[in-house]
Amino acid sequence: MLGKRRRISRIVKNGRSVILPMDHGITKPEKGIENVDRVVKEVQEYIDAVVVHKGVAKHSAVLAEMDAALIIHLSASTAHANDPNDKRIITSVEKAIALGADAVSVHINVGSKTEAEQIEKVGIISETCDEYGIPLLAMMYPRGSIEVNTETVRHAARIGYELGADILKVPYVQKFEEVVNVCDIPVVVAGGSKGSEEEFLKRVYDALTKGASGVAAGRNVFNSDQPVRIAKALHMLVHGNVPLEEVVKYERSMVVG
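Described below are features of the structure shown in this document.

1. Structural notes on the sheet that holds strand S10 (residues 214-216)
Ordered in space as S1-S2-S3-S6-S7-S8-S9-S10, the 8 strands form a closed barrel in which the pairing is parallel. Taking the axes of each pair of neighbouring strands and ignoring which way they run, one obtains an average angle of 25 degrees across the sheet. In this structure, strand S1 (residues 17-21) lies alongside strand S2 (residues 49-52), joined through 3 bridges in parallel fashion. Bridging from a neighbouring strand, Ile-19 pairs with Ala-49 of S2. The sheet strands contacting helix H5 (residues 115-132) are strand S6 (103-110) and strand S7 (136-142), and the helix crosses S6 at an angle near 160 degrees.

Shown next as structure tokens:
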């Protein structure tokens with residue numbers, strides 16, 4: 001599929017990618033996403049793609065001009081719901097195309113009460129993506145009744161692959177090579193909750209050494225007081241193949257206040 005290959009090449013460059021998800025606002029307003037345009041403008045030099053919901057894309061003054069690829073997120077739930085793990089489809093592939101998307105993304109919570117419905121809908125979405133030549137990024141998370149471990153993350157990744165995804169985003173586990181080995185498509189490691197920056201960079205580095213194609217980190221970037229510093233550090237790891245020690249040294253040297 002020529003269209004998919006061309007669009008994926010904007011997101012995954014030389015087999016690697018730094019993706020900035022900023023689709024968190026429906027779940028709950030996170031620190032740092034009050035002004036998505038400001039963050040994207042600061043970090044765009046160091047990212048390959050940004051993930052947003054359709055409303056953010058509609059009102060943005062920056063996304064249309066940025067070099068990074070645009071990924072429109074199709075699913076959502078709120079922190080106030082009876083079941084926050086119940087991800088619902090809130091827009092279409094066609095709408096994403098109208099907004100200028102290079103790809104779309106969906107979130108599936110494997111092990112949740114509504115896992116079956118989520119799988120069913122994403123399976124159909126993947127076929128629509130094939131029709132239009134639009135890459136599908138599947139965010140696959142073990143949630144609800146199951147733990148996050150190598151076995152469950154490996155299975156979640158395989159589910160996304162079987163459903164027709166073109167790129168997978170999964171949580172970090174120490175045996176990340178076992179996750180990558182069940183899929184012959186790019187697998188990027190999720191950034192996870194905001195925590196120690198050095199520990200975050202170490203997780204990303206470890207995943208890269210075990211076959212990850214990059215990172216999709218949101219809160220660890222936009223929650224930072226200096227998003228550009230973290231974005232540059234990720235770019236150094238993912239695209240520069242800079243040793244972890246040097247990246248951590250740079251990160252420490254750039255901390256202000």
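Text resumes after the structure shown.
2. A look at the side chain of Ser-126
Turning to its location among the elements, Ser-126 is positioned in helix H5. Sequence-distant contacts of Ser-126, defined by excluding residues within four places in its chain, comprise Leu-136, Leu-163 and Gly-164.

3. Observations regarding the environment of Pro-243
Relative to the helices and strands, Pro-243 resides in the loop between helix H10 (227-238) and helix H11 (244-253). Assessed through its relative accessible area of 36%, Pro-243 is described here as partly exposed. For the pair Pro-243 and Thr-128, spaced 115 residues apart in sequence, the C-alpha to C-alpha distance is 41 Å.

Reading the values: rules and limits
Residues numbered from 1 in each chain as written. Predicted model: local features only at pLDDT ≥ 70, side-chain atom pairs only at ≥ 80, totals over all residues. Heavy atoms only, no water. Pairing = 2+ DSSP bridges. Helix = DSSP H or I, 4+ residues; strand = E, 2+ residues; numbered from the N terminus. Axes fitted to C-alpha atoms, helices over the stretch in contact; angles between N-to-C directions. Contact = heavy atoms within 4.5 Å. Buried < 20%, exposed > 50% of the residue type's maximum accessible area, 1.4 Å probe, protein only.

By themselves, these figures tell us nothing about what the structure is for.
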